[in-house]
Amino acid sequence: MIFIKFKNNIVYTCFCTDVIHEGHLNLINEAKNYGEVIVGVLCDSEMVKYNRFPLKTTDERVELVKNIPNVSKVIIQDNIMYDDVVKDLHPDYIIHGDNWSDDAMVAIRQNIIDLLDEFGGELIEIPYTFNENVLKIDSQMREKLAMPELRRARLKKLLNLVPIVKTIEVHSGLTGLIAEKTIVADDNHIDQFEAMWISSLCDSTEKGKPDIELVDMTSRFRTINDIMEVTTKPIIFDGDTGGIAEHFVYTVRSLERMGVSAVIIEDKIGLKKNSLFGTEVKQTQDDIEHFCEKIRAGKNAQLSEDFMIIARIESLILEQGMDDALKRAFAFCDAGADGIMIHSRRNEPDEILEFCDKFRQKDTETPIVVVPSSFNTVTEDELIKHGVNIVIYANQLLRAAFPAMQNAAKSILKHHRAHEIDEELLSIKDIITLIDEL
Ligand code: SPV
Ligand code: MG
């Protein structure tokens with residue numbers, strides 16, 4: 001191919017990587033044939049939405065790119081979509097590998113094409129370098145993200161990076177994969193979950209057991225391990241009441257060692273029942289000082305800086321009133337809690353939002369966690385406005401699976417064959433290729 005190189009042509013490409021491999025070098029080599037090469041480094045908060053959590057800081061990633069021969073300038077790209085970049089730089093060319101494999105990539109490609117149509121310029125797509133070395137580097141990056149030390153620290157980092165940490169319930173390797181890989185993309189929006197919740201309700205239900213702390217810790221840790229084996233996102237563990245303080249300290253150590261980022265314990269005592277029963281069943285709230293002792297014991301036992309113990313307040317669930325909820329929140333923070341979870345089973349979010357507003361009047365820092373299972377009309381934007389930092393979608397994957405499975409079982413029984421249900425099911429091809437092999 002013959003290139004006519006115009007000195008002032010600008011060629012732009014964006015990197016969202018922690019390692020420069022031969023694929024990137026090929027791309028720059030090709031780019032330099034078209035003009036002056038400017039590289040964008042995607043900022044951390046957008047990396048999280050689109051790709052995966054960066055292992056290096058933005059500055060380190062900028063430095064990495066600066067050192068590539070033929071790169072004349074490095075900028076930080078603040079949005080995964082190219083609108084600002086194209087308006088600011090007016091690149092004559094945008095160059096990209098041809099690996100537009102998933103919905104997110106397809107949306108980005110369309111965004112680039114639309115912008116270049118409007119502002120002038122051309123998209124150059126070069127064959128993506130898929131060789132053993134590049135694939136190995138990619139899988140090493142994934143493995144690193146799953147290492148306990150790195151995974152554990154990621155929840156605290158996310159709290160400073162995204163407006164609200166979107167957390168989805170997982171109860172198995174398979175649901176872990178859904179949390180890890182599900183991504184939505186449209187014209188100007190790409191998103192994915194940032195963290196995973198290991199719910200006591202779903203972990204118990206999955207085993208056909210009631211949610212009364214009957215599934216013991218050894219079994220719950222196995223669930224964690226199954227999920228950890230196939231994911232990299234941070235984990236928030238539902239620790240129920242935490243048990244007695246003398247046991248809770250061991251739980252804290254084990255969770256830390258495994259790489260879990262946070263445990264949430266609720267201020268109930270005696271036989272714990274699921275909060276969504278509210279006052280329909282007998283449930284007893286712990287007294288403030290006794291629960292504070294448990295928090296303190298956990299914080300003393302903790303060895304790493306980044307593990308979080310989050311105190312869950314059941315006052316609204318047990319109809320003890322707003323003042324009681326707030327009094328407990330401040331006491332639990334004083335005892336060392338790293339966050340507060342406030343729960344409600346009302347259909348409207350009013351009391352939760354009132355709590356958040358009142359809590360934030362006195363405490364602007366401590367992360368607030370909410371679980372909008374009953375008050376599910378509330379949006380993430382509303383929660384952000386009221387100072388919420390983590391939203392947990394606590395049981396939706398399990399609730400989605402149950403009716404779908406029941407429906408399939410009924411259809412087979414009814415028709416005495418599996419043909420009628422088949423088109424509602426994942427195809428055989430998809431199921432046998434769903435799990436990546438090493
Ligand atoms: C869970 O998911 O197990 C929870 C949240 O604790 S709730 O079921 O709403 O109590
Ligand atoms: Mg629970």
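Residues numbered from 1 in each chain as written. Chains lettered and ligands numbered in written order. Predicted model: local features only at pLDDT ≥ 70, side-chain atom pairs only at ≥ 80, totals over all residues. Heavy atoms only, no water.

*Asks:* Got a minute to help me understand the overall build of the protein chain in this structure?
*Replies:* When helices and strands are tallied, the protein chain shows 17 helices and 17 strands. Dimensions of the protein chain, computed from C-alpha atoms along their principal axes, come out at roughly 80 × 65 × 40 Å. Taken across its 438 residues, the protein chain has 51% of its residues classed as buried. For the protein chain, the separation between the mean place of its 49 positive charges and that of its 75 negative charges on side chains is 4 Å. (Helix = DSSP H or I, 4+ residues; strand = E, 2+ residues; numbered from the N terminus. Buried < 20%, exposed > 50% of the residue type's maximum accessible area, 1.4 Å probe, protein only. Lys, Arg positive; Asp, Glu negative; His and termini not counted. Charge placed at Lys NZ, Arg CZ, Asp CG, Glu CD.)

*Asks:* Can you help me understand the domain arrangement of the protein chain in this one?
*Replies:* Interfaces are frequently sized by the accessible area removed from exposure as the parts join. Taken domain by domain, the protein chain holds domain 1 (10–138), domain 2 (147–394) and domain 3 (400–432). On a C-alpha basis, the centroid separation for the pair domain 1 and domain 3 is 42 Å. (Domains from an automatic or database assignment.)

*Asks:* I would appreciate a short explanation of the sheet that holds strand S5 (residues 122–126) in the present structure.
*Replies:* Picture the strands of a sheet paired through backbone hydrogen bonds; they go either parallel or antiparallel. Judged by pairing direction, the sheet is parallel, and its five strands sit side by side in the order S3-S2-S1-S4-S5 without closing on themselves. Unpaired on one side and paired on the other, strand S3 (71–77) and S5 mark the two borders of the sheet. The sheet shows a mean angle of 30° between the axes of neighbouring strands, direction not considered. Pairing analysis gives two bridges linking strand S1 (residues 10–15) to strand S4 (residues 93–97), with the strands arranged parallel. Bridge assignment links Tyr 12 to a residue of S4, and that residue is Ile 94. (Pairing = 2+ DSSP bridges. Axes fitted to C-alpha atoms, helices over the stretch in contact; angles between N-to-C directions.)

*Asks:* Would you explain the site of ligand 1 in this entry?
*Replies:* As a matter of local geometry, ligand 1 sits amid Trp 197, Ser 199, Ser 200, Leu 201, Asp 238, Asn 274, Ser 275, Leu 276, Arg 312, His 343 and Ala 394. One nitrogen or oxygen atom from the main chain of Leu 201 is found 2.8 Å from an oxygen atom belonging to ligand 1. Asp 238 is positioned with one of its side-chain polar atoms (N or O) 2.8 Å from an oxygen atom of ligand 1. Burial of ligand 1 by the protein amounts to 99% of the accessible area it has alone, namely 280 Å². Using a 2 Å cut-off from the grid points, one finds that ligand 1 occupies the largest cavity. By residue class, the composition of the shell around ligand 1 is four nonpolar, five polar and two charged. (Near = heavy atom within 4 Å. Polar contact = N/O pair within 3.5 Å; in protein donor to acceptor, adjacent residues only side chain to side chain. Areas by Shrake-Rupley, 256 points an atom, 1.4 Å probe, with all protein chains shown as cover. 1 Å grid on protein atoms, 1.4 Å probe; cavity = no way out; pocket = protein on both sides within 12 Å on 5 of 7 lines; lining within 4 Å. Sits in = over half its atoms within 2 Å of the grid points. Nonpolar A, V, L, I, M, F, W, Y, C, P; charged D, E, K, R; others polar.)

*Asks:* Mind showing me how you'd approach the coordination of the magnesium ion (ligand 2) here?
*Replies:* Four donors placed tetrahedrally around a metal ideally meet at 109.5 degrees, and six donors placed octahedrally ideally meet at 90 or 180 degrees. For the magnesium ion (ligand 2), the full set of protein donor atoms is Ser 200 (OG) and Asp 238 (OD), at a range of 2.1 to 2.2 Å. With Ser 200 in helix H9 (residues 200–206) and Asp 238 in strand S10 (residues 235–238), the pair connects residues that are 38 residues apart, well separated along the chain. Of the two residues, Ser 200 and Asp 238, neither departs from the other in class, the shared state being buried. (Donors = N, O, S within 2.8 Å, 3.2 Å for Na, K, Ca; no water.)

*Asks:* Would you mind showing me how to read the pairing of S4 here?
*Replies:* Residues in a regular strand project their side chains so that they alternate between the two faces of the sheet. With respect to burial, S4 is a largely interior element, five of its five residues being buried. Of the two faces of S4, both are covered, the one formed by Tyr 93, Ile 95 and Gly 97 as well as the one formed by Ile 94 and His 96. Where S4 meets S5, five bridges bridge the pair, whose relative direction is parallel. Each bridged residue has a counterpart across the sheet, and for His 96 the counterpart in S5 is Glu 125. The parallel pair S4 and S5 is bridged by helix H5 (residues 103–119), and the resulting crossover is right-handed. (Right-handed = clockwise from strand over helix to strand, strands pointing away.)

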